[in-house]
Amino acid sequence: MGCVVSDKYARAVCHYCFRPLPRITAMQVKCQGRGGSCGVLYCQQRCADADVQHRPDGGECQVLQAWEEQAKATGKPISTRGLRLFMRLVYAYAADEGLAQLAEMLEGDQGAEADANMCGMAGAVNRFVLEEARMPVARLAKLISQAQHNTHGIVDLEGHNLGHGLYPLASFFNHSCSPNAVVSFSGQTLIVRALRDIPAEEEVTIAYVELYAPREFRRQQLQSRWRMGAQAIRPAE
């Protein structure tokens, strides 16, 4: 539904397919969207052409340009990952009714529609997206909360967290500390693989946290991000 490269890897991987950029700078393709290049890089022209958010009528270029100017003025780097992700979700929501209906089913914080912080973020997103795609602040605040609870970290084979994405169908997998499936990525494509034979009546589960971490650390992570209690740690682990 929406994927963004993290600020840390903005100069290392393609902003569309998440594959490593060519080592030779001259082979890298720069965004030429609204107002000139915004600094986003692609591994090939095909990826640049496919990224609708960096076409002349897209929305991310002006965000990155404005944030870069602010960073230069303050002397402090500013993270844009969250804002870029929420903008992409707004456009995906407006373009695909099926995705919008699916997104409605995702869990989020109760009362997000009235939360001042969530509504503040929603207002910031609406300032940058095209007018025809803007959402009511309360609805967008709820979508932002749902995204925060359901995004997947896009991790390469070496364990680098290259970015984040919202995959609505994959968000319905529940957590287990003894999972029968695992999530991996090929570029930005999410792949679910079974770890063993799974009977037809058995729920497919994945791990939300690092399974080699101590039990108390896992509990803390599950509680802080997904609001899970001790019941999330199965006794049979």
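Since this is a predicted model, take the numbers as computed values, not measurements.

### Looking at the pattern of salt bridges
Considering all chains together, one arrives at 4 salt bridges under this definition. Arg-196 is the partner of Glu-202 in a salt bridge, and the nearest nitrogen-oxygen pair spans 2.5 Å. The partly exposed category is assigned to Glu-202, whose relative accessible area is 27%.

### Let's talk about the packing of aromatic side chains
Summed over the entire model, instances satisfying the criterion amount to 1 aromatic pair. Pairing Tyr-167 with Phe-185 gives two aromatic rings, centres 5.9 Å apart and planes at 55°, and the pair type is tilted. You can see Tyr-167 sitting in the loop between β5 (161-166) and β6 (174-175) and its partner Phe-185 sitting in strand β7 (residues 181-186), a full 18 residues away along the chain. Of the two residues examined, Tyr-167 and Phe-185, each falls in the buried class.

### Some thoughts on the nonpolar core
In terms of nonpolar packing, the biggest core is built from 27 residues, with Met-87, Leu-89, Val-90, Val-125, Leu-140, Leu-143 and Ile-144 touching the most fellow members. Of the residues forming this core, the biggest block, 8 residues, is contributed by helix α3 (residues 81-95). Among residues more than four places away in sequence, those in contact with Leu-143 are Leu-89, Tyr-93, Ala-103 and Met-135.

### Focus on the pairing of β5
Residues in a regular strand point their side chains to alternate faces of the sheet. Of all 6 residues in β5, 5 are buried, a share of seventy percent or more. In this structure, strand β1 (residues 2-5) lies alongside β5, joined through 4 bridges in antiparallel fashion. Paired with Gly-2 across the bridge in β5 is Leu-166. Strand direction decides the pairing type here: strand β4 (residues 152-155) and β5, joined by 4 bridges, are antiparallel. By the bridge assignment for β5, His-152 is matched with Gly-165. With antiparallel pairing between neighbouring strands as the criterion, β4 and β5 make up a hairpin whose turn holds 5 residues, including Gly-159 at a positive phi of roughly 85°.

### Thoughts on the packing of helix α5 (residues 116-128) against helix α6 (residues 137-150)
Two quantities define a packed helix pair, namely the angle between the axes and the distance from one axis to the other. The interhelical angle for the contact between α5 and α6, taken along N-to-C directions, is 105°, at an axis separation of 8 Å. With respect to each other, α5 and α6 are oriented roughly perpendicular. Residue-level inspection shows Met-118, Cys-119, Met-121, Ala-122, Val-125 and Asn-126 of α5 in contact with α6, the latter providing Val-137, Leu-140, Ala-141, Ile-144, Ser-145 and Gln-148. Classifying every residue of the contact of α5 with α6 gives 9 nonpolar, 3 polar and no charged.

Here is what the cut-offs are and how they apply
Residues numbered from 1 in each chain as written. Predicted model: local features only at pLDDT ≥ 70, side-chain atom pairs only at ≥ 80, totals over all residues. Heavy atoms only, no water. Salt bridge = Lys/Arg side-chain N within 4 Å of Asp/Glu carboxyl O. Buried < 20%, exposed > 50% of the residue type's maximum accessible area, 1.4 Å probe, protein only. Phe/Tyr/Trp six-rings, centres within 6.5 Å; stacked < 30°, edge-to-face > 60°. Helix = DSSP H or I, 4+ residues; strand = E, 2+ residues; numbered from the N terminus. Core = buried A, V, L, I, M, F, W, Y, C linked by side-chain atoms within 4.5 Å. Contact = heavy atoms within 4.5 Å. Pairing = 2+ DSSP bridges. Axes fitted to C-alpha atoms, helices over the stretch in contact; angles between N-to-C directions. Parallel < 35°, antiparallel > 145°, perpendicular 65-115°, else oblique. Nonpolar A, V, L, I, M, F, W, Y, C, P; charged D, E, K, R; others polar.

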